[in-house]
Each structure stands twice: as structure tokens, then as C-alpha cells.
Amino acid sequence: MGETQTAANSKNNKKGRIVTGMRPTGKLHLGHYLGVLKNMVKLQDEYECFFFVADWHALTTKFDSTEDLIENTKNIVLDWLAAGIDPDKCSIYIQSHLPQTAELHIYLSMITPQNWVERDPTLKDLVKMIKTPEGDSKPNVSYGFLGYPVLMSADILTFNVDYVPVGIDQVAHIEITRDIARRFNNIYKTDLFKESKPLLTNIPMLKGVDGQKMGKSFHNDIKISDDEETTAKTIMKSITDRSRARKDDPGHPDKCEVAFEYWKAFASEEKIKQVQEECIAGKRGCADCKRELAALINEQMRPIRERRKYYEQHPELVDEIIKKGDEKARLEAEKVLQQIRKTVGMYQG
């Protein structure tokens, strides 16, 4: 059987086409790994996947702070590859490397009513994050910022995907894309655009070591790229049972705000049960428990971190992966855009 036929059969065995992206805001942490990356690794075996670094979207809130944008973009790709995203199974591309998405954004912006974007929950959430260049808390809503939901829709419709993986709290974000696709089809009397469906994913939220949401800005995160010593030191700062005074006091795993949650995220059911029973019986001190937890996390992350170091040491390989991903994404996007230009009635010579 020829390679082309084999590739076609492999593609036909997929459940459908999906796209998902991440804004490059810095190195990814364990919350990203558990909540997003492990799912992406699973999806690449089941769907035709397009994974992109959303560098245009980063400009919506950081247009005046782009000094780290290139480095952050590369770090996203490094963390993806380290986690097991396989460029032979999916397309890894940079959003700004697809002129087709920008072109589609223009077409969609022409047909999207203003009140649709103003009521979009994605936009409302982002408004809370931005400040003026002078540092004031007053939102600085630019023309490009207002068009964020339409650009997000263009990301999805560029590939006319079947599904978009999201958590239950993000389903509303997909609705505007479905509305825009339906409006485009109605205006131009076509069935070109699919109404992409949300692919619900169970995204667990891993707290930071201080009990807040894990994030770089809170300085409470454990990065995928952290070394073992840094990870161990950070784990030792994690909050446990505040009511426990001495090592042999009976513990309360249900009141262990962070550390026991990490055990449940990384350990086997058998190990979780052991930790729970020993804690309740006062046979497991919090410090020793966290040291063992750190060893477990480091053990599980070791192969991931080794892969990351390999790619760090071979930047030309990463550049080649991105280049190939860009080319494949542009090829597939152009197929869709040719149909869109014809449907809209653009002169193509």
C-alpha cells in the first residue's frame, strides 16, 4: 500500500477535525499539564488536530509588552513537545503564520453585528484583565480587542472543524462561532461552514501551593520545565492541614488544602488510600508527606523534562517542526479559503 493511501486511510479513521490554541504568556505549569496537555496528547490519536500558539491573541491584552513574545511562543511549543504532542500526528503552527486566518477574520467581521461581540463572555473576561499603557485599571478597549471573538471564530472556521475542545465553563465561547457560521451560510445561501460543536473535556483545576489558582503572576506554580530541586522546594511550601499541630496528631485529608489534592492528581488509587489512612491515624507527618509527594511528582515529570531539555538543545529541530506545521496548516486553510472567496464573490483573476 502506498504512503498516500496509508495516510488517507489513517485520516479517515479519525473521529473528526479539531483545533485548539494557547496564548503565549510564559512557561506552562503543572496545572496546564494536567488540565490541557494530557488531553491534547490523547486527542491527537483520535482526531485530526491543529494546535496553534495564539500570538495574535496575546496582543489583545499585551500589545505594549511584546519583548518576551517570541521567547514565550517558543516555550509553549517546547512544553507541548515535552508533554508528548507529536508533530507526526498533528499540526503545530503559529497563529500569525497563517495569513488565511487574518483574511477570514476580515470576511467574518463584515457580517458580525457589533452587539454580538460586545456580549461575548470571552471579551467580558478579557476586559477585566487589561489596563491602559499608563498602568491605570480603566479598560483600554482597542479596535482589535473588540474583534477578539471574531478572530477566535476565524481560528476555528479557518479549518472548518467539527469540534473545539473546551471545559464546561467555556461552552458559551463557542456559541458566537456557531452564530457567525450560521449567519454566513444564510447570507451567502450556502452550507459551507459547519457549526462546530464543543468537545467537552473534564479539566481539573490544580491549585497553586498557596491554595489560590495556580499561575505565574501569583508565584505559586510549579512549571513543567522546573528542575527537581526547585519542584521539591516549592512542594514543601504547599498548604496542608492547618489544624494539625504535631507530627503524630490525627490528620484530616479533607482539610489538607493543597498537598492531598496533589496526591489525588498524581498518585494511584492504592497510594492515595494509603496516604489518607496514614494521615488520619497520625502516622504520616506533613513534612515527610510533602517530601514523598515531591519525589513522586519529580519521578513522573522526569521523562517530560528530559524531552524538553533535548528540544532546548536542538532549537533547529523545533524550528523545523514549526515550519512543517505552518506549511501543513496553510495548505489545509487555503483549501477552505478558496471556497470562502468564491462563495463571498471575491475577484480571483
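Scroll up for the structure.
Being a predicted model, the structure only gives us computed values, none of them experimental.

Visitor: Help me out: how do you make sense of a negative patch on the surface in this one?
Guide: A grouping of D64, E67, D68 and E71 is seen on the molecular surface, where their side chains present a negatively charged patch. Relative to the assigned elements, D64 resides in the loop between α3 (55–62) and α4 (69–83). What makes D64 partly exposed here is its relative accessible area of 41%.

Visitor: Would you mind showing me how to read the packing of aromatic side chains here?
Guide: Ring pairs (aromatic) are described by centroid distance and by the angle formed between their planes. This model, assessed by the stated rule, comprises eight aromatic pairs. For the pair Y310 and Y311, a centre-to-centre distance of 5.5 Å together with 75 degrees between the ring planes defines the contact as edge-to-face. Owing to a relative accessible area of 41%, Y310 belongs among the partly exposed residues under this scheme. Taken together, the ring pairs in this structure connect F50, F52, Y93 and F159 into an aromatic cluster. In this structure, R183 is placed above the aromatic ring of W116, and the distance from its NZ or CZ to the ring centre is 5.8 Å.

Visitor: What's the story with the pattern of salt bridges in this structure? I'm lost.
Guide: Opposite charge on two side chains allows them to pair when their charged atoms are near. With the rule as written, the count across this model stands at 26 salt bridges. With a shortest N-O distance of 2.5 Å, E292 and K271 are connected by a salt bridge. Of this pair, E292 sits in helix α14 (residues 286–312) while K271 sits in helix α13 (residues 269–280); the two residues are 21 residues apart in sequence, bridging distant segments of the chain.

Visitor: Whenever I open this one, the pairing of strand β2 (residues 48–53) confuses me. Can you help?
Guide: Where a strand is regular, its side chains alternate between the two sheet faces. Burial within β2 is extensive, with six of its six residues counted as buried. What you see with β2 is no split at all: E48, F50 and F52 on one side and C49, F51 and V53 on the other are buried throughout. Alignment of strand β1 (residues 17–22) against β2, held across six bridges, turns out to be parallel. By the bridge assignment for β2, G21 is matched with F52.

Rules and cut-offs
Residues numbered from 1 in each chain as written. Predicted model: local features only at pLDDT ≥ 70, side-chain atom pairs only at ≥ 80, totals over all residues. Heavy atoms only, no water. Patch = residues over 30% accessible without salt bridge, like charges linked within 9 Å, V, L, I, M, F, W, Y side chains within 5 Å. Areas by Shrake-Rupley, 256 points an atom, 1.4 Å probe, with all protein chains shown as cover. Salt bridge = Lys/Arg side-chain N within 4 Å of Asp/Glu carboxyl O. Lys, Arg positive; Asp, Glu negative; His and termini not counted. Charge placed at Lys NZ, Arg CZ, Asp CG, Glu CD. Helix = DSSP H or I, 4+ residues; strand = E, 2+ residues; numbered from the N terminus. Buried < 20%, exposed > 50% of the residue type's maximum accessible area, 1.4 Å probe, protein only. Phe/Tyr/Trp six-rings, centres within 6.5 Å; stacked < 30°, edge-to-face > 60°. Lys NZ or Arg CZ within 6 Å of the ring centre and 35° of its normal. Pairing = 2+ DSSP bridges.

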